[in-house]
Structures are given as structure tokens and as C-alpha cells.
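Given next are the chains, with one letter for each unit.
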Protein chains: 2
Amino acid sequence: LQNTSDAILRGEGIPDEKVRWPQGFHSGTIACGLKESGNPDLAILATSPIANAAGVFTRNQFKAAPVLVSQIHLDNAGHISGLVVNSGNANAGTGAEGLAAAREMTVELAKKIGSPPDQTLVMSTGVIGKKLPIEKVKQGIGQIPLNAGVDSVAAFARAMMTTDTQPKAAWVKTSAFHLVGVAKGSGMIHPDMATMLAVIATDAVLEPTQLKKALGHAVDCSFHRISVDGATSTNDAVVVLANGSSSISPNMLTFQEALNWICVSLARQIVADGEGASKIIEICIEKGRNERECVQVAKSIAASLLVKTAFFGEDPNWGRILAAAGQAGVELDLSQVDLFMGPIALISSGEPVSFSAPQLKQVMQSQNIRVKLVLNLGDSQAEVWSNDLGYRYVEINAEYTT
Amino acid sequence: LQNTSDAILRGEGIPDEKVRWPQGFHSGTIACGLKESGNPDLAILATSPIANAAGVFTRNQFKAAPVLVSQIHLDNAGHISGLVVNSGNANAGTGAEGLAAAREMTVELAKKIGSPPDQTLVMSTGVIGKKLPIEKVKQGIGQIPLNAGVDSVAAFARAMMTTDTQPKAAWVKTSAFHLVGVAKGSGMIHPDMATMLAVIATDAVLEPTQLKKALGHAVDCSFHRISVDGATSTNDAVVVLANGSSSISPNMLTFQEALNWICVSLARQIVADGEGASKIIEICIEKGRNERECVQVAKSIAASLLVKTAFFGEDPNWGRILAAAGQAGVELDLSQVDLFMGPIALISSGEPVSFSAPQLKQVMQSQNIRVKLVLNLGDSQAEVWSNDLGYRYVEINAEYTT
């Protein structure tokens, strides 16, 4: 936990016991048999009082059944008293039967927590195109014990995991509100295709419109900065629930800052846990014409496999970085760019610069590498996070369903 | 060599001795020391009479020095008496010095073959961002012996290779003209970032405008069908030279068909030789609204790493195929699509279909797999070629410059 200047406590990573859900939230998990490993694969988060809620969902044309159901429920009511998440099966590409299964999950949850079904949400992650064994899931929902105790946040984060190697959480506590987020996601080569789920809970008093706007901003500067061209998997979902149990309407700037911090933290944890990844690569584009173009150039570099494999090989192949920037669809002037790897200048005004090879080697060996490309075309900047790509990614993805 | 119905001889792959350059073309190769392996890395193709020429070059914002020089020469003159290609060094990202080096290559070639320098072309492929040792290259150009003998086409194709494991060639012979093409390229994950070079020579009589139009069509239905979103590497170039030594103006339909066939053949050879690839995946989109949308959907599937790694694992993960289609930026209706893997239906009107698992396994084990996605939205179709992705790709690309 870090103590920031304005008495805001915040932290990230695997939650310790100081971290519990905000007041009024309860959760529970169970292993209902969706994961072959026998690990927990089903989780419920419930809130009383009922929460105002907002969500950002995948923009993929093929939306999974749980996304379709949750979107309708949020649009109808905007008030949510609970959500159920399963891992091990995405319930995507499963046709009419899959849609019925997603609805049944909300009905079962609603029964358990005493709520109308359309005031609940459902999220799924795992293999696409496999029929969800709905009876197992219904039975699991019925059996989950709900509590607000020590480890409930960590257990929830663990039950969401698929190829993740670490549970992911972040939290902020101010005098006015408490904010806790958990997430799952890895498979970061084309991050847009690995399902990313996040659930964020707060006791702040917030209107649905305030919540929606704040979440949109936070997602734009976090989860959308690890995704390529804004597209997403069939199941991606980020939801925030505000149950108002603190009875305090927070300063919106403070709340936005806290929500941004949580989303950026979760997004970076996802990148760091990319399938087989050993490094985080921070791609900073500076002095671009506008933020949109900076993001576009940064994402083109972030998505380049040639760049990712070069970082895996600890090879400072800056030619691949420039080539990736050059195909971003943004007008650039090579004769003006400066490129830095960590603190070391590699290119200045488009010309190669001599540098210390041992120093550069040291930068390439570190776990967190900052690539800075200065376009010298304007005053805007943007940052995007990527990771390296190695053998382990191929192994995980070639063998995922077999 | 296949004998087609209209007495057109054509063939592809490693050229045998029946295949020589069209009349009036001479070539030669040498190892000038750019490749550590000591293999040939420099090649010249010269023509007398002088040829009309056309070229299609990379759309990357960062164009390599040889691309800039060749584009200017083609725009100025449109008449070309020779070209020089080197492998082992891309002469890209090399600043003003690199531009001077590319010009010097054309000057040295011009001297050798007795031509104005601006009637020559230069192409380079290899590592980006490394200074070209121009003295070695100039010396090599001076020493290359030019001839039109047995093996000259194959030798030329070999001297262009970088990570290619096979030389690539295709040829067509009709009563009116002779057409021979060679190419290099692999690294097919983001095919747009692996340098692809092709040189096509013909003895047909063709105006520069006819040649330009024909090459544009041919590239659109071939090399652009193995590239993602139309972007290309810093060095990509396809050039065609027509020296008119047959004295026959060909039927343009016949010529276009022959040029298309050569370009499609070379493009498919590049895909088949993708770094570490073991399979060709033919992605056919049918019944789309228009060709552009079909190509867009096909390329989204072709570029998906999750799809590529699934094919490497011989895993018929059709969920990944649909997810990739769904993020192509094209409006689709999942409830209408049909999906086939080889002859086997997997999805019909959006619903999973039961199929024979052993039969499907057999399809997945073959070296050439046809994926057909029927959108049922219109009458258009398109085909794009991809390949699988395995450990070998990572190995090649993580260690390319070290």
C-alpha cells in the first residue's frame, strides 16, 4: 500500500487481507467443474443496497451470449444487485442454446440473492464454441457461500483466471469512498482477442450517467491502450457497481483519478501476465499532431510481432520499431523522428546515433523497457503497453483446447 | 511444367534448366560479403533492348533508401536497362548516408551495363538500420558475370533470399510472349512487415501505361492478398520489365491472366515458406456484400495469431476464426454464417453442427487447409492466403540480427 500525498491509500497486485470489498458487497466462489484443473471457476458478487452500474463491452461483431444478456440488463435497469462470472467456458458461438444458458445463469443468481433477473449481470471466459454445461453451473451458483471476509477479493480474482498465472486486483481508499477492482486477461499478442474481464466495486454515491462517463474515460486510457485498433474479443467486459453505502457523493475529479488509476493498474497487470511474456514494453509517442495519431502509432508498434519477438531475443532492433510506426496509417516524417530505448538515444532527427552497446544491452535485459518515439510534429503524446513474445505463447495457444 | 488447354506452358517452384530469362535479359550473382553465411547476396538483371517498366512499392511511411531511389527513376524515365538487388542488408533507416549508398549502387550498375544511372533500379532486403558496406557492394557489382544460361533464373532467386528456405520462381510461355518472375519473402505472421521483393521479366511489347495497369491488377489479387490491411515493410517492391524483344504486342487479356498467375504463384510460394510455417491456410469468404468487405474479413482471420497457433496445434478452434471475423470492422450477422473446414461443415446458420471428429482431424493434419466462411449477405467473394505459426517463427525472429 502506498500512501500518497492527499491521504489516498492505494495498492495493486495480489490482495492482502487489508483489502476487502467496499461496504455492502459480498462475494463467494466455487469449483463447479468447468476447469479440468478442479480450480474455482464460478464466482458471485452481490451488493445490498442495490448498485448503480455501468459497463463497457466488446465491440466485436460476434458477441458472446453473456455479453448480449448483460448489455440488455444494463440498458433496461442500470440497477444491479449482483453478478456471476464463470471461467473455463466462454459460452460464445453457442447459438440459441448458449443465449438460453446465459439467461438461466442470471435467473439462478437472481433466485439466490432475491433480485429480479434483469437486475443481475453475467460474464464468461474460456474456450469459445463449446456448449456450457448449464446444470453444473446452476448447481454451483446455488452452492456458493457469500461473505465479505478476508481473502474474498483474492478468491474472486482467482476464480476468473484462465491462462492467467496471477490474480489481478487494485484498490483505492479515500476518506470519501472505497474502490476495489479485479480483472483477468492474458494472451497479449493480439490483446484484442484474449478475453479481458474486470469488475470494479465502490461504495460511492454516483448516478448511472456519472458512472458511465467515468468508466468510459477510464477504459479509454487503460484497457483500450493495451488493445489493437479498438477491437476486442467476443466476451470482453468491464463493469463498475456503485452501491452508495458510503452515503457520500465524491468529488468527481478525485473519483475519476482513482478509477483511472485502478483501470491502468489492472491493464498493466494483464500485460505483465501476457501469455509467456517476460517483459513489459512501455511505448511512448511524443510530440505527435494529436492524441489519436499518437495512440495509433503506439498501437502499431505494440502489435508488431517482429518488435515483440525482437524484445524476447533482447535484440534492440529499432528498424522494426520504425517500420511498425511507418505502417500505422499516420503521416510521419522519418527525417524528424528521435527514438530512445530507455535513456539511450538510437535515432536523432532520422539519423542513427552511436551509443554504448553494453549500456543498451543492459536496457534490453530489464523487465520493464520504455521505448520513446518523438515525432516532432506537434504537442500531443500517448502511452501504450505491450510485452514480448516467446516460445511459451505458441505453446499455450497451440494447445489451449486440446 | 503444366500444359494448359490454350497451349500455354507454365510452371512454378525451383526453376529447372528449361527455364531461362526471356530473350534479351541477362543476369548474374555474387557473394560480396553481406551475408555471414557467405552465400550469394548480390544480383544483377540487365536487358537489351531497354525495357519499359512498372513498379509497385511499399506504402509504409518509412521507405527504405532503395525504394526512394527506384521510385524516382521509374517516375523519371519509365525505361529501365537493369536492376541490382542485394540481400543481407535492407539499407533502411540509414539516413542520408543510406540514400547516397543506394544511388551509388545504381551509378555502379549503370557504369557496368552502359546506361544512364536513372534508367536503373535498386532493391535491398535484410536487416533494417544497419549501414550498408557500400565499398563491398560496389566491388561486387563490378565483378558480377552476366549471362543468360542455364540456372541463371534460379541463381538470381537464390541471391535474393534472406530467411527464405526456398528460391521462388514462376514462368509462363505462350506463342506470343515469355514471362518469368522470381521473388523472395517469408516471415508471414505480419506479412506486411517482412520484406517481399519480386522481379518479373517479359519479352512482350507493352507500353508503360499498359504495364502499370496490368501490374496493379496482378498485385491486388496476389501479393496484397497475403498482406494485412495493405501495409507493407520499408522495402517491399514488385517490378516488371518488358523489353519487347518478341516484337509482338500480346492480347492484353492473355497477358493479364499470365501476369496474375505468376504473381499468385509467387505470393503462395511466399506464404508456404513463411518463417517456420508448416501449412498453407486458404481463407475463402463467400456471399459477402462486396469484394472489399470479403477481403477485409479474410485478412482479419489471416492475421489472427490465435487462429495461426491453433492451426499449428492442428486444433479446429472455429471459435477463434469467428472471433477474428467479428473484429474485421465489417457488419456481420452471426446467425446467418456457415463455416467449413475443408469439406466439413462446422457452423450452419450460426449454429454448431455435429461432425465426424476423425474426419476433421484428418483435415487439420493436411498441409493445405481450406477455411470457407459463408456470410450470406450478398454475392461477392475473396480468397486470402495465410499459414500456421509455431516455435520456429519465434526462434527465427528473436535471433535474426544477433
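Residues numbered from 1 in each chain as written. Chains lettered and ligands numbered in written order. Predicted model: local features only at pLDDT ≥ 70, side-chain atom pairs only at ≥ 80, totals over all residues. Heavy atoms only, no water.

Another aspect to go through is the overall build of chain A. Tallying secondary structure elements over chain A gives eleven helices and 16 strands in all. At a minimum sequence separation of 6, the contacts of chain A that also span at least 24 residues come to 79%. Just so you have it, chain A exposes about 14600 Å², and 49% of that area is on carbon and sulfur atoms. (Helix = DSSP H or I, 4+ residues; strand = E, 2+ residues; numbered from the N terminus. Contact = heavy atoms within 4.5 Å. Areas by Shrake-Rupley, 256 points an atom, 1.4 Å probe, with all protein chains shown as cover.)

Let us look at the packing of helix α7 (residues 291-303) of chain A against helix α9 (residues 318-326) of chain A. Angle between the axes and distance between the axes are the two parameters that describe a pair of packed helices. Residues and elements named next belong to chain A. Contact geometry for α7 and α9: axes closest at 8 Å, N-to-C directions at 130 degrees. Between α7 and α9, the interaxial angle falls into the category oblique. Here the hand of the crossing between α7 and α9 comes out right-handed. Seen from α7, the contacting residues are Val297, Ser300 and Ile301; seen from α9, they are Ile321, Ala324 and Ala325. The residue inventory of the contact of α7 with α9, partitioned by class, reads five nonpolar, one polar and no charged. (Axes fitted to C-alpha atoms, helices over the stretch in contact; angles between N-to-C directions. Parallel < 35°, antiparallel > 145°, perpendicular 65-115°, else oblique. Left-handed = near helix turned anticlockwise from the far one by under 90°. Nonpolar A, V, L, I, M, F, W, Y, C, P; charged D, E, K, R; others polar.)

Moving on, we come to the packing of aromatic side chains. Applying the stated criterion across every chain yields a total of four aromatic pairs over all chains. One residue, lysine 372 of chain A, lies across the ring of phenylalanine 340 of chain A, its end atom 4.8 Å from the ring centre. (Phe/Tyr/Trp six-rings, centres within 6.5 Å; stacked < 30°, edge-to-face > 60°. Lys NZ or Arg CZ within 6 Å of the ring centre and 35° of its normal.)

Here the focus is the sheet that holds strand β15 (residues 368-374) of chain B. Residues and elements named next belong to chain B. If you trace the six strands from one edge of the open sheet to the other, you get β14-β13-β12-β15-β11-β16, paired in mixed fashion. A strand with exactly one partner marks an edge of an open sheet, and here the two such strands are β14 (351-352) and β16 (380-387). Pairing analysis gives seven bridges linking strand β11 (residues 280-288) to β15, with the strands arranged parallel. Bridge pairing in β15 places isoleucine 280 opposite asparagine 368. Sitting on the sheet, helix α6 (residues 252-272) touches β11, β15 and β16, and the angle it makes with β16 is about 40 degrees. Against the sheet, helix α9 (residues 318-326) engages β12 (338-341), β13 (344-348), β14 and β15, with an angle of about 130 degrees to β12. (Pairing = 2+ DSSP bridges.)

What follows concerns the pattern of salt bridges. Counted under the stated rule, the structure contains 24 salt bridges over all chains. Through salt bridges with shared partners, a single network forms among Arg268, Glu282, Arg370 and Glu383 of chain A. (Salt bridge = Lys/Arg side-chain N within 4 Å of Asp/Glu carboxyl O.)

Residue and element names in this part refer to chain A. Take alanine 170: it is sitting in strand β7 (residues 168-173). Separated by 164 residues in sequence, alanine 170 and leucine 334 have C-alpha atoms that sit 40 Å apart. Not counting residues up to four positions away in its chain, the partners in contact with alanine 170 are Gly11, Glu12, Leu179, Val180, Gly181, Trp261, Ile262, Ser265, Leu266 and Gln269.

All names here are of chain B. The N-to-C vectors of helix α2 (residues 95-113) and helix α3 (residues 134-143) enclose an angle of 20 degrees; their axes lie 9 Å apart at closest approach. Taken together, the axes of α2 and α3 are roughly parallel relative to one another. Crossing angle aside, the handedness with which α2 passes α3 is right-handed. In this structure, α2 contributes Ala101, Glu104, Met105, Glu108, Leu109 and Lys112 to the contact, and α3 contributes Ile134, Val137, Lys138, Ile141, Gly142 and Gln143. Grouping the amino acids of the contact of α2 with α3 by side-chain chemistry returns six nonpolar, two polar and four charged.

It is worth spelling out helix α8 (residues 305-312) of chain A at this point. An α-helical turn contains 3.6 residues, so any two residues separated by three or four positions project in the same direction. Residue and element names in this part refer to chain A. Counting buried residues in α8 gives seven out of eight residues, a clear majority hidden from the surface. Along α8, the residues classified as buried are Leu305, Leu306, Val307, Lys308, Thr309, Ala310 and Phe311. Two residues or fewer after α8 comes glutamate 314, characterised by a positive phi angle close to 55 degrees. (Buried < 20%, exposed > 50% of the residue type's maximum accessible area, 1.4 Å probe, protein only.)

This part takes up unusual backbone geometry. All names here are of chain A. At the junction of serine 48 and proline 49, the peptide bond is cis and its omega measures out at 10 degrees in the coordinates. In this structure, asparagine 91 takes a positive phi of about 45 degrees despite not being glycine. Mapped onto the secondary structure, asparagine 91 falls in the loop between β5 (79-89) and α2 (95-113). The class for asparagine 91 is buried, based on a relative accessible area of 0%.

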